[in-house]
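Chain residues, written in single-letter form:
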Amino acid sequence: MAQRFRSLLDLCRRRGFLYQSAEIYGGLRGAYDYGPLGVELKKNILNSWWRRNVYYRDDVVGIDTSIITPHPVLKASGHVDEFTDLLVDCTLTKERFRPDKAPELTLDKNGNIPLMAPNKEVAQLWQKTIQEQIAPGIKLTVQGKTVLLHVQSSTLCKPLENSGNIVFEMIDASATPLTISYNGYVEPNTNSPFLTPSRPFNLMFKTFLDPIDPIDRVIQTTQEHINDTQTAIRKAVDDVLKPSTVYLRPETAQGVFVNFEQVVRTMKTKPPFGIAQVGKSFRNEIRLEHGIFRTPEFEQLELEYFVKPWESMHYFKYWREERFKWWLEHSCHPENFRQRDHEANEMAHYATGCTDVEYLFPWGWGEVEGVAHRGNYDLNQHIKNSGAKFEIEDENPSVSEAVKASGEYNSALVPSSSTRYVPHVVESSCGLNRAMLAYLCDAFHQIEDESGKQPPRSVLKLHPRLAPIKCAVMPLTGKPEFLPLTQKVAKSLRRNGWYSVVESQKLKIGKRYYRHDEIGTPWCVTIDYQSLEDQSVTIRERDTGNQHRLHWKEVQKFIGDQLMEDEVDIE
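Below is a summary of the structure that appears in this document. (Residues numbered from 1 in each chain as written. Predicted model: local features only at pLDDT ≥ 70, side-chain atom pairs only at ≥ 80, totals over all residues. Heavy atoms only, no water.)

1. Details of the overall build of the chain
Then step 1. When you go through the chain residue by residue, the secondary structure sums to 17 helices and 30 strands.
Then step 2. If one aligns the C-alpha atoms of the chain with their principal axes, the spans along those axes are about 95 × 75 × 55 Å.
Then step 3. Buried positions account for 49% of the 571 residues belonging to the chain.
Then step 4. Placing the 69 positive and 76 negative side-chain charges of the chain at their respective mean positions leaves the two points 5 Å apart. (Helix = DSSP H or I, 4+ residues; strand = E, 2+ residues; numbered from the N terminus. Buried < 20%, exposed > 50% of the residue type's maximum accessible area, 1.4 Å probe, protein only. Lys, Arg positive; Asp, Glu negative; His and termini not counted. Charge placed at Lys NZ, Arg CZ, Asp CG, Glu CD.)

Next up, the structure:
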């Protein structure tokens, strides 16, 4: 599976889906640029999401809010105080990681701890570091690129349970054995138990909207409090910087919430209704992994759906089902998608219920979307901190017929007379980068050569609506007489909003077909000598290899019909 994923990433780099950001300067860890095919794939996923959640409905509107977010907004939402991960450092490897994602300690058959170094030189360096700095006097041996720590005894525990201990053998048998604490996890890549205590780590990118360099303020304030404690100095620095402190938003949702009253007023709407937003978010992730799966900069597709408090159970279930349908609609392998309900200890600070859509990536199940019941936490927090008027007046509170028929409502919360209420929110939050990666993995196929003489060829069986290039138009040869009709066909397709290209490389038609199979192009149109006589062309289908002969003016209708074929009706 790992080799297959590497082959997919190689294809993405080689054919223009993904580039390492600033690669000519050595690259930036965790940052990627999207090439010509990557940007089309992202746009097509985004357009499908927007079409489904906005254009196909009469109860959802769109919004686009600022990325730069003032401190009071994220203080009110809880992100300043609560949006943290625990952070642990390995004193041996200097790696930083989240303990909740880290593996448990592995022992060898003799009960000792093997540390896996990348090579022999690093193993020897670790031996010196352990013996001289981290754990002087303990017994260890080096076997190639493995450092073996000799354990006298251990009381191992699982994460989130009480701490255990590891007692090491000493080179000097008469010396007091060295004991270190064990909290149920080790550094993920090396099995190292030499860790710092965990500490909270805020995930937001902080910056300053101020013409004066904040570093000057930090220096000045530090000098003024030079005799104070470190805690007092830090508080003084935070206080002087607070008026100019802003953040790169960690989610698009808060921009929706702070604009709630304005949307209600300008669009003359009342619950149930939704506000959709697509945009960049930023999180100072501790661990960046699996290409674009976890990156500090990413795009979110978010829908905040506002409902009457007594109907929120119905709409939470409704959106769980609705969003899962969308994922399956575009998949090759529906069995590799699933829904998973969060346990109580996994819930975000604002959520009363949450269900993830997960995809079975080569490294295991990973979240691609979350549907959360946020209650009225966010709106209440902004009411409390800003005095905003977010209540909805309902002169005749009732339960809608659709909700009543489902039986999924709380009758005890239905008011008996005119009332004002703060709506509850059901949120759908999808990572566009992760959606792209999931659909690439889902579509990636390696087809064996029947003769066994050639390596497997790669095919991306992307859903036609997601495919970056909808159609490749191929003149049989590069002779000038083929050019006018070739350009006519390509132009007619592009004017339908379908990204289409002319593939005129000096390769045999079969090899040109295979080049487009590799990047997921669902149709190829060939202009040949017969085309010059009767204006007919051959259109080939990627997944079946079937070919059809038709007039070039019918190509648009053929492709249009195919794109609409599996469209799911929205009730």
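2. A word on the side chain of Ser48
Then step 1. Position of Ser48 among the secondary structure elements: in helix α2 (residues 36-55).
Then step 2. In this structure Ser48 comes out as buried when scored by relative accessible area, which is 3%.
Then step 3. Polar contacts involving the side chain of Ser48 include one to the side chain of His330, which spans 3.1 Å.
Then step 4. With near-sequence residues (within four places) excluded, Ser48 lies in contact with Trp326, His330 and Leu466. (Polar contact = N/O pair within 3.5 Å; in protein donor to acceptor, adjacent residues only side chain to side chain. Contact = heavy atoms within 4.5 Å.)

3. A short note on the packing of aromatic side chains
One pair of aromatic rings is described through two measures. These are the centre distance and the angle between the planes.
Then step 1. Per the stated rule, a full pass over the model turns up 25 aromatic pairs.
Then step 2. Clustering of aromatic rings is evident, with ring pairs tying together Phe5, Phe293, Trp326, Trp327, Phe337, Tyr359, Phe361, Trp363 and Tyr439.
Then step 3. Above the face of the Trp365 ring, Arg338 is positioned so that its terminal group lies 4.1 Å from the ring centre. (Phe/Tyr/Trp six-rings, centres within 6.5 Å; stacked < 30°, edge-to-face > 60°. Lys NZ or Arg CZ within 6 Å of the ring centre and 35° of its normal.)

4. Considering the sheet that holds strand β6 (residues 96-97)
Then step 1. Taken in spatial order, the 3 strands line up as β6-β5-β13 in an open sheet, and their pairing is antiparallel. With partners counted over all chains shown, the strands left at the sheet margins are β6 and β13 (199-202), one partner each.
Then step 2. Summarising the sheet, strand β5 (residues 84-89) and β6 pair through 2 bridges and their orientation is antiparallel. Each bridged residue has a counterpart across the sheet, and for Val88 the counterpart in β6 is Phe97. (Pairing = 2+ DSSP bridges.)

5. Quick look at a nonpolar patch on the surface
Then step 1. On the surface, a cluster of nonpolar side chains totalling about 260 Å² of accessible area is made up of Ile67, Ile68 and Leu209.
Then step 2. You can see Leu209 is positioned in the loop between β14 (205-208) and α6 (214-224). (Patch = residues over 30% accessible without salt bridge, like charges linked within 9 Å, V, L, I, M, F, W, Y side chains within 5 Å. Areas by Shrake-Rupley, 256 points an atom, 1.4 Å probe, with all protein chains shown as cover. Salt bridge = Lys/Arg side-chain N within 4 Å of Asp/Glu carboxyl O.)

6. Examining the sheet that holds strand β15 (residues 245-248)
Then step 1. Taken together, the 3 strands give an open sheet; going across it, the order is β4-β15-β14, and neighbouring strands pair in antiparallel fashion. Looking along the sheet, the strands with just one partner apiece sit at the ends: β4 (68-70) and β14. The sheet shows a mean angle of 40° between the axes of neighbouring strands, taken without regard to direction. (Axes fitted to C-alpha atoms, helices over the stretch in contact; angles between N-to-C directions.)

7. Some remarks on the packing of α2 against helix α13 (residues 432-443)
Then step 1. At a minimum axis distance of 10 Å, the contact between α2 and α13 shows a crossing angle of 105°. When the axes of α2 and α13 are compared, the pair comes out roughly perpendicular. Touching Gly38, Leu41, Lys42, Ile45 and Leu46 of α2 are Leu432, Ala435, Met436, Tyr439 and Leu440, all from α13.
Then step 2. Tallied by class, residues from the contact of α2 with α13 come to 8 nonpolar, 1 polar and 1 charged. (Parallel < 35°, antiparallel > 145°, perpendicular 65-115°, else oblique. Nonpolar A, V, L, I, M, F, W, Y, C, P; charged D, E, K, R; others polar.)

8. A word on the nonpolar core
Then step 1. The biggest cluster of nonpolar side chains holds 76 residues, and the ones touching the most others in it are Phe17, Ile45, Trp49, Phe306, Trp327 and Leu460.
Then step 2. With 9 residues, the top contributor of residues to this core is α13.
Then step 3. Setting aside its immediate chain neighbours within four residues, Trp327 contacts Phe337, Val357, Val368, Glu369, Cys430, Ala435 and Tyr439.
Then step 4. Ranked by size, the runner-up nonpolar core spans 23 residues in total, among them Leu149, Val151, Phe168 and Tyr182. (Core = buried A, V, L, I, M, F, W, Y, C linked by side-chain atoms within 4.5 Å.)

9. A look at empty space enclosed by the protein
Then step 1. Taken as a whole and assessed by the stated rule, the structure comprises 1 cavity of 30 Å³ or more.
Then step 2. Lining of the largest cavity is provided by Leu9, Arg13, Leu18, Tyr19, Gln20, Tyr32 and Gly291.
Then step 3. Contributions of two or more residues to the lining of the largest cavity are made by α1 (2-15) and β1 (18-20).
Then step 4. Among the elements that line the lining of the largest cavity, the one with the most residues is β1, at 3 residues.
Then step 5. Residue composition of the lining of the largest cavity, by class: 4 nonpolar, 2 polar and 1 charged. (1 Å grid on protein atoms, 1.4 Å probe; cavity = no way out; pocket = protein on both sides within 12 Å on 5 of 7 lines; lining within 4 Å. Points joined across faces, edges and corners; volume = space filled by probe spheres on them.)

10. As for the state of the cysteines
Then step 1. What the rule picks out here adds up to 0 disulfides.
Then step 2. Free of any disulfide, Cys471 has its nearest cysteine sulfur in Cys524, 6.7 Å distant.
Then step 3. The buried category is assigned to Cys471, whose relative accessible area is 1%.
Then step 4. Here Cys524 falls in the buried class, since its relative accessible area comes to 1%. (Disulfide = S-S within 2.5 Å.)

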